[in-house]
Amino acid sequence: MKFTAGKVLQFLFQFSPMKAIIPVAGAGTQLRPLTYTQPKPLIPVAGKPIISFIVDQLKAAGVVEFVFVLGYLGEKIRDFIEQQYPEIDKTFVEQAQRLGSGHAIWSAREQLRGTDELMIYFGDTIVEMDFDEIMKSPHSCLAIKKVQEDIENFSFNTSVSSFMIAVNELTAQKCNSREVLEQLAILISPYAPHIAEE
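Residues numbered from 1 in each chain as written. Predicted model: local features only at pLDDT ≥ 70, side-chain atom pairs only at ≥ 80, totals over all residues. Heavy atoms only, no water.

1. Some thoughts on the overall build of the protein
The helix and strand inventory of the protein stands at nine helices and six strands. Relative to its full complement of 198 residues, the protein shows a buried share of 32%. Across the protein, every contact between residues at least 6 apart in sequence was considered, and the portion connecting residues at least 24 apart equals 71%. As presented, the protein carries roughly 12,800 Å² of accessible surface, and 55% of it is formed by carbon and sulfur atoms. (Helix = DSSP H or I, 4+ residues; strand = E, 2+ residues; numbered from the N terminus. Buried < 20%, exposed > 50% of the residue type's maximum accessible area, 1.4 Å probe, protein only. Contact = heavy atoms within 4.5 Å. Areas by Shrake-Rupley, 256 points an atom, 1.4 Å probe, with all protein chains shown as cover.)

2. Overview of the pairing of strand 1 (residues 18-24)
Looking along a regular strand, one sees side chains alternate from face to face of the sheet. Along strand 1, seven of the seven residues are buried, which leaves the element largely enclosed by surrounding structure. Of the pairings in the sheet, the one linking strand 1 to strand 4 (residues 63-70) comprises seven bridges and is parallel in character. Note on strand 4: the bridge partner recorded for Pro23 is Val69. Note that strand 1 and strand 6 (residues 118-120) share three bridges and pair parallel. Along strand 6, the bridge assignment pairs Lys19 with Leu118. (Pairing = 2+ DSSP bridges.)

3. Side note on the side chain of Lys40
Mapped onto the elements, Lys40 comes out in the loop between strand 1 and strand 2 (44-45). Engagement of the side chain of Lys40 in a polar contact is seen with the side chain of Asp124, the distance being 3.1 Å. In this structure, Lys40 is in contact with Gly28, Leu31, Thr35, Ile50 and Asp124, ignoring residues within four places of it in sequence. (Polar contact = N/O pair within 3.5 Å; in protein donor to acceptor, adjacent residues only side chain to side chain.)

4. Quick look at the environment of Gln111
Inspection of the secondary structure puts Gln111 in helix 5 (residues 109-112). Counting along the chain gives 45 residues from Gln111 to Phe66, while the straight-line C-alpha distance between them is 9.8 Å. If we skip the residues at most four places from it in the chain, Gln111 touches Lys19, Val67, Thr91 and Val93.

5. A word on helix 2 (residues 50-60)
Of the positions making up helix 2, those classed as buried are Ile50, Ile51, Ser52, Ile54, Val55 and Leu58. Backbone geometry just after helix 2 places Gly62 at a positive phi near 105°.

6. Considerations on the confidence of the model for the protein
Scored by pLDDT, the protein comes out at a mean of 75, with 71% of its residues at no less than 70. Per-element confidence in the protein ranges from a low mean pLDDT of 43 for helix 1 (residues 5-13) to a high of 94 for helix 3 (residues 74-84). Below a pLDDT of 50 lies the segment residues 1-16, which in the model reaches nine contacts outside its immediate sequence neighbourhood of four places, other chains included. (pLDDT = per-residue confidence, 0-100.)

7. Section: the pattern of salt bridges
Enumeration over the complete set of coordinates arrives at six salt bridges. A salt bridge links Glu65 to Lys19, with the shortest nitrogen-to-oxygen separation between them at 3.5 Å. Placement of the pair is Glu65 in strand 4 and Lys19 in strand 1, with a sequence separation of 46 residues. Residue classification places Glu65 among the partly exposed residues on the basis of a relative accessible area of 25%. Of the residues examined, Lys19 reaches a relative accessible area of 9% and is grouped as buried. Lys59 serves as the salt-bridge partner of Glu87, at 2.6 Å between the closest nitrogen and oxygen. (Salt bridge = Lys/Arg side-chain N within 4 Å of Asp/Glu carboxyl O.)

8. Observations regarding a nonpolar patch on the surface
Nonpolar side chains collect at one region of the surface, where Leu118, Ile120 and Phe122 lie side by side and expose about 230 Å² of accessible area between them. Along the chain, Leu118 falls in strand 6. Residue classification places Leu118 among the partly exposed residues on the basis of a relative accessible area of 37%. (Patch = residues over 30% accessible without salt bridge, like charges linked within 9 Å, V, L, I, M, F, W, Y side chains within 5 Å.)

9. Describing the layout of surface pockets
Picture a little ball the size of a water molecule; that probe, rolled over the atoms, points out where space is still empty. Empty space within the second largest pocket amounts to approximately 330 Å³. Lining the second largest pocket we find 19 residues, and of these Pro23, Ala25, Gly26, Ala27 and Asp124 sit closest to its centre. Listing elements by their share of the lining of the second largest pocket, those giving two or more residues are strand 1 and helix 4 (101-107). A per-class count over the lining of the second largest pocket returns eight nonpolar, eight polar and three charged. (1 Å grid on protein atoms, 1.4 Å probe; cavity = no way out; pocket = protein on both sides within 12 Å on 5 of 7 lines; lining within 4 Å. Points joined across faces, edges and corners; volume = space filled by probe spheres on them. Nonpolar A, V, L, I, M, F, W, Y, C, P; charged D, E, K, R; others polar.)

Rendered as structure tokens:
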């Protein structure tokens, strides 16, 4: 059997604990009025807070340590994580000034020292992808999705916010009528094709 550097690293990394840094410091101003009293990561989508989708996905992918970078309404996020995920190894870091995503990660630099494997997952994002493929890669990875159309002329975040409200209302009313949901999917498909496909 021939051993390449990639195979050796892949073998070693399967035993190395994975750490995730989750910046959740933003004010979510584009989702106003929803975020006046609730931080964006705690906004429910189909009855589940965004941050729960993230933590559940990362736990399933083998992440064992979590670093949350807090800011706007950070105490609410801390309380939620402490109550809902008491079993995870977690650290909370304050981003005193919101100076962007890079600064959020920089704010957690002390907690990242000596970390061989790191996943950065923004706390207001829900993605559907093959985490195993990323975890098995001996290389650094960046997951991106190309926007196919120019959406500058749309008030995209307002549309997403309204859609989230509609989904939450339909979920609360236990609406599973194909007739209603099919029309909703057709309506949003030009603006959010990936959501409409679901």
